[in-house]
Amino acid sequence: MNSPAQYLLQTQDLELAYGAFHAVNGVNLKVEAGTIHTIIGPNGAGKTSLFHCLTGERQATAGTILFNGKNIIKKPAHGRVGLGMARSFQLTSLFQNLSVRENLRLAAQGRDGLAALNFWRHLDSRREHLEMADQVLERLQLTARADTLAGELSHGQQRVLEVGMSICSRPKLLMLDEPTSGMGIDDIPIMTQLISDLGRDHTVLLIEHNMSIVMSISQRITVMSHGQILVEGTPEFVRADERVRSAYLGEAA
Ligand SMILES: Nc1ncnc2c1ncn2[C@@H]1O[C@H](COP(=O)(O)OP(=O)(O)OP(=O)(O)O)[C@@H](O)[C@H]1O
């Protein structure tokens, strides 16, 4: 049995209602620190709605969210970022006309919030932010493209950069919503390798449709259906579960 302290994130009876319809309907999710934990389920199962509740983009209509042992249900989205929750940015948040390095530097600067405006800390901080940008560039294997404008990267590389921007804030929990969607077949292994690599020093909560990625990099999988958790367990456990096969994996397993 795991003690509650082992869970970085835990929801209790979480609900999100859109009018009379419950997109999230009593979810008890437990995410252990240091794991890649993936949420799967058919279209409309409530995966993105659950993410919205976790990040604070939407206010849950009932239930509790414990992050690092604290109930954050009343915290606004920016307060949750400050506690160490990061959601990967959408492509629209890249500065297309700035270099790859500058995008990362700005993401690192964003972590400091108002402190970034303190003139006396400014020069030191700028150096720290550039160092962070260079470390992340290496991790993304984009060092050779550091001075390229973000808008000139391939679609796949832009998505990789997005993920890189979210790790610049040194999050405790990295949340990725379908990071491979729209990616060409050649770019998918790069993203898969990156997420797997990030899982070595981050807790990653992932929504992903590509079953071969899910099964190869996840330590835990939660299967959602109709706003609820259908099954949770290791990839082997989930793959063997008859309910999952009929609800979701039918065509892919
Ligand atoms: N703003 C909204 N108002 C009303 N219903 C909504 C709203 N957003 C989502 N829904 C509904 O909530 C349900 C869950 O949607 P959600 O996007 O969370 O599912 P999902 O599992 O992420 O699906 P997908 O895999 O297609 O992205 C769907 O039936 C959807 O139509």
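Further up the page is the structure itself.
Just so it is clear, the model here is predicted, and its values are computed rather than measured.

### Some details on the site of the ligand
Taken together, 14 residues form the shell around the ligand, and within it Gly44, Gly46, Lys47, Thr48 and Ser49 come nearest. Gly44 is positioned such that a nitrogen or oxygen atom in its backbone is 2.8 Å from an oxygen atom of the ligand. Contact between the ligand and Ala45: an oxygen atom at 3.1 Å from a main-chain N or O atom of the residue. Its free accessible area being 640 Å², the ligand has 61% of it covered by the protein chains. When contributions to the shell around the ligand are tallied by element, the ones reaching two or more residues are strand 2 (21-27) and helix 1 (47-55). At three residues, the largest contribution of residues to the shell around the ligand is made by helix 1. Partitioning the shell around the ligand into residue classes produces five nonpolar, six polar and three charged.

### Topic: the side chain of Thr192
With respect to the helices and strands, Thr192 occurs in helix 6 (residues 188-198). Looking at Thr192, its side chain comes within polar contact range of the main-chain oxygen of Ile188, at 2.8 Å. Ignoring any residue separated from it by four or fewer positions in sequence, one finds Thr192 in contact with Ile213, Ser216 and Ile217.

The rules behind these values
Residues numbered from 1 in each chain as written. Predicted model: local features only at pLDDT ≥ 70, side-chain atom pairs only at ≥ 80, totals over all residues. Heavy atoms only, no water. Near = heavy atom within 4 Å. Polar contact = N/O pair within 3.5 Å; in protein donor to acceptor, adjacent residues only side chain to side chain. Areas by Shrake-Rupley, 256 points an atom, 1.4 Å probe, with all protein chains shown as cover. Helix = DSSP H or I, 4+ residues; strand = E, 2+ residues; numbered from the N terminus. Nonpolar A, V, L, I, M, F, W, Y, C, P; charged D, E, K, R; others polar. Contact = heavy atoms within 4.5 Å.

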